[in-house]
Amino acid sequence: MDLRVKVGGLEDVVLSEPVSTTGQYFNSSVLSISILCVMEFENPFDDSTSLALVNDVFLPINPRFSSIMVEDKQGGKQWKRVEVNAEDHIRIPCFPEGLSTESYDHCFNDYLSKMAKDPLPQTKPLWEIHIIKYPTSNASGNVVFKLHHSLGDGYSLMCALLSCLQRADNPSLPLTLPIFRNSLKPEKVPKSIISRVPQVLSCALNTVMDFGWSVLKSSFLEDRRSPIHSGNKGVEFNPINITTITFSLDQIKQIKSCLHVSHPSQYIVTQTINDVICGIIFLGTRLYMDVTSEEAKNESSTALVLLNTRYINGFKSLNEMCQNQESKSLWGNKFAFLHISLPQLHQYDESLKPLKFVQEIQSIIKRKRNSAAVYLTGMLLESMRKYRGPEAAAQYVHNTIRNPSMAVTNMIGPVEKMALSNQPVKGLYFMVVNSPQSLVVTIMSYMDQLRVTIGAETGFIDPVKFRTCTEKAFSMIFDAAMKSK
């Protein structure tokens, strides 16, 4: 239903859509989280069509890209449509001319760090596009989309960006993506009532344990200071270093096949690959803690893993998402948090350590999925918002993100090479910024590669050392997997 409110003493304006509760949490007095999506191009990017792309392709995707957030008379937040001047949202930085590729790497990384730190102005729609025309080690040019998390989660925003892109080999064909389904949808259970009892009891026990642990972690229990968790207040306002690692998706699949996990469902295969890369990241994290501090190498540490809560087959186009009410519900912020305790290194035999570590991560995540704790957490947040207000609920979400040592989130990208305005995209990755954590790791698949991006608090975490440890973890796991055949 349309609402009319007064804005700045002006005439009443029509507000087309209320801001979702999660959107309000992510754009509150305690949280203002954005997403950087970086596209790497094979050739220097031609920006001559950028204004037309924004006006004719990007803005029509969703009304939120042409809206600002305002409060109505009841204190609720609404999206208000405004006129958009595309030039106000496009940034083309100037770096010194004639530098080496390595120097431009530093310029680009410094620019990304500054972009991550600077807040998006609330007086304009909450997005920016940055076009970097200087060559780096990874690309001849880069285009960076900065999108506020209140606009939607990774799935929604990836749909938006894919609507601006085409297949590089044949623009008339659609981009295709691996099939995936709701990470939290339970597997089918046998029809026999008796055979269901153990699974129901297990689910109930896991739910009680996970929900209780989640409430404690979000309310009182913050991880102790460690090499990956500074515990500094206002860490979300500190600069970060952003670095990436590229893995072969085929090699990740080889590791998965050696873990003796098989299932005819593509869903289970996809989730197993996610578990493998999580195992690599967490082992790399433990190795980093080991080389950084002997005392803290086995410090109790928790990771916050974000899972998509939609039940879908692949990505929907924006047209499909707007055709009916069920499809419209796919847009927005629809994800859940899982608290994962990082296994300690000393509990495994040296020769079996890499694969045992990954299998332990798989076991933990599988148990967490067999739980309704995330739904109870959603109900708790809604009750908190209703009775204590959205700011109280936002503070709870802030603590949920801040108290663990790190966050991990992933997105699935196209199988084929894509192009923006007929300009081939060589690489693709993203980073969540302004999050109250010292360490955020994101995972993005594109073509036959898996891109891991590390966002590390500047001056506290050594990004080069962390990258080296993660690469070592991959080598350890891959070598152990090949020897186990």
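No experiment lies behind these values; they were computed from the predicted model shown. (Residues numbered from 1 in each chain as written. Predicted model: local features only at pLDDT ≥ 70, side-chain atom pairs only at ≥ 80, totals over all residues. Heavy atoms only, no water.)

A. Local environment of the overall build of the chain. Summing up its helical and strand segments, the chain has 13 helices and 17 strands in all. Counting across all 485 residues of the chain, residues that qualify as buried make up 54%. Across the chain, the fraction of contacts at a sequence separation of at least 24, relative to all contacts at a separation of at least 6, is 78%. Counting only carbon and sulfur atoms, one obtains 54% of the accessible surface of the chain, whose full area is about 21900 Å². (Helix = DSSP H or I, 4+ residues; strand = E, 2+ residues; numbered from the N terminus. Buried < 20%, exposed > 50% of the residue type's maximum accessible area, 1.4 Å probe, protein only. Contact = heavy atoms within 4.5 Å. Areas by Shrake-Rupley, 256 points an atom, 1.4 Å probe, with all protein chains shown as cover.)

B. The packing of aromatic side chains, seen in detail. Counted under the stated rule, the structure contains ten aromatic pairs. For the ring pair Phe 474 and Phe 478, a centre distance of 5.9 Å and an interplane angle of 15° mean the geometry is stacked. Taken as a pair, Phe 474 and Phe 478 lie in helix H13 (residues 463–483) at a separation of four residues, close to a single helical turn. (Phe/Tyr/Trp six-rings, centres within 6.5 Å; stacked < 30°, edge-to-face > 60°.)

C. Structural context of the nonpolar core. The biggest cluster of nonpolar side chains holds 77 residues, and the ones touching the most others in it are Phe 58, Phe 65, Leu 112, Trp 127 and Phe 145. The element best represented in this core is strand S15 (residues 423–433), accounting for seven residues. Grouped together as the second largest cluster of nonpolar side chains are 51 residues, Tyr 288, Phe 357, Ile 361 and Val 441 included. (Core = buried A, V, L, I, M, F, W, Y, C linked by side-chain atoms within 4.5 Å.)

D. Seen up close, H13. Helix length check: H13 (21 residues) gives 30 Å between terminal C-alpha atoms against 30 Å at 1.5 Å per residue, within 8%. Among the residues making up H13, those that are buried are Pro 463, Phe 466, Cys 469, Thr 470, Ala 473, Phe 474, Ile 477, Phe 478, Ala 480 and Ala 481. Down the axis of H13, the buried side of the element spans an arc of 170°, and every buried residue falls inside it. Opposite its buried face, H13 presents the exposed residues Val 464, Lys 472 and Lys 483, each directed more than 90 degrees away. Of the residues flanking the start of H13, the one acting as N-cap is Asp 462, its side-chain oxygen 3.1 Å from the backbone nitrogen of Val 464. (Expected span 1.5 Å × (residues − 1). Arc of directions from axis to C-beta. Polar contact = N/O pair within 3.5 Å; in protein donor to acceptor, adjacent residues only side chain to side chain.)

E. Quick peek at the pattern of salt bridges. Under the defined criterion, the tally for this structure stands at 13 salt bridges. Glu 416 is the partner of Arg 167 in a salt bridge, and the nearest nitrogen-oxygen pair spans 3.7 Å. Of this pair, Arg 167 sits in strand S9 (residues 166–167) while Glu 416 sits in the loop between strand S13 (406–411) and strand S14 (418–420); the two residues are 249 residues apart in sequence, bridging distant segments of the chain. Overall, the relative accessible area of 13% leaves Arg 167 in the buried class. The partner of Arg 467 in a salt bridge is Glu 471, and the shortest N-O contact between them spans 3.2 Å. Residue Arg 467 and its partner Glu 471 are both found in helix H13; the two are separated by four residues, about one turn of the helix. We classify Arg 467 as partly exposed; its relative accessible area is 32%. Here the salt bridges share partners, and the residues they tie into one network are Arg 167, Asp 169 and Glu 416. (Salt bridge = Lys/Arg side-chain N within 4 Å of Asp/Glu carboxyl O.)

F. Up close: the side chain of Ser 301. If you trace the backbone, Ser 301 turns up in the loop between helix H7 (266–292) and strand S11 (302–308). Take Ser 301: its relative accessible area is 2%, and that puts it in the buried class. Those residues in contact with Ser 301 that lie beyond four places of it in its chain are Asp 223, Ser 226, Ile 228, Arg 286, Met 289, Ile 340, Ser 341, Leu 342 and Ser 405.

G. Structural context of the packing of helix H11 (residues 373–388) against helix H12 (residues 390–402). Where H11 contacts H12, the two axes come as close as 6 Å, and the packing angle between them is 145°. Touching Leu 380, Leu 381, Met 384, Arg 385 and Arg 388 of H11 are Pro 390, Ala 392, Ala 393, Tyr 396 and Val 397, all from H12. Taken together, the residues that form the contact of H11 with H12 break down as eight nonpolar, no polar and two charged. (Axes fitted to C-alpha atoms, helices over the stretch in contact; angles between N-to-C directions. Nonpolar A, V, L, I, M, F, W, Y, C, P; charged D, E, K, R; others polar.)

H. Geometry of unusual backbone geometry. The backbone phi angle of Asn 422 is positive, close to 65°, even though this residue is not glycine. Structurally, Asn 422 is set in the loop between S14 and S15. Its relative accessible area of 64% is what places Asn 422 among the exposed residues. In this structure, Met 447 takes a positive phi of about 55° despite not being glycine. Among the structural elements, Met 447 can be located in the loop between strand S16 (439–446) and strand S17 (449–457).

I. Local environment of the environment of Gly 76. The topology assignment puts Gly 76 in the loop between strand S4 (67–71) and strand S5 (77–81). Separated by 313 residues in the primary sequence, Gly 76 and Gly 389 place their C-alpha atoms 9.8 Å from one another.

J. A look at the side chain of Glu 236. By secondary structure assignment, the location of Glu 236 is in the loop between helix H5 (193–219) and strand S10 (240–248). At a separation of 3.3 Å, a polar atom in the side chain of Glu 236 contacts the side chain of His 398. Every residue in contact with Glu 236, bar those within four places of it in the chain, is listed here: Val 30, His 398, Asn 434, Ser 435 and Pro 436.

K. View of the environment of Ala 116. With respect to the secondary-structure elements, Ala 116 resides in helix H3 (residues 101–117). When its relative accessible area of 3% is taken as the criterion, Ala 116 is described as buried. On a C-alpha basis, the gap between Ala 116 and Leu 36 in space is 7.6 Å, while along the polypeptide they are 80 residues apart. Setting aside its immediate chain neighbours within four residues, Ala 116 contacts Leu 36, Lys 146, Ile 240, Val 433 and Asn 434.

L. Just a nonpolar patch on the surface, in detail. A grouping of Trp 213, Leu 216, Phe 220 and Leu 221 is seen on the molecular surface, where their side chains present a nonpolar patch of about 390 Å² in accessible area. Checked against the element boundaries, Leu 216 lands in helix H5. For Leu 216, a relative accessible area of 37% puts it in the partly exposed group. (Patch = residues over 30% accessible without salt bridge, like charges linked within 9 Å, V, L, I, M, F, W, Y side chains within 5 Å.)

M. Molecular detail of the environment of Val 70. Secondary-structure assignment places Val 70 in strand S4. A relative accessible area of 12% places Val 70 in the buried class.

N. Molecular detail of the pairing of S15. For S15, a buried count of nine out of eleven residues is recorded, marking the element as mostly surrounded by other parts of the structure. Bridge count between strand S3 (residues 34–41) and S15: eight bridges; the pairing is antiparallel. When the bridges of S15 are listed, Ile 35 appears paired with Val 432. (Pairing = 2+ DSSP bridges.)

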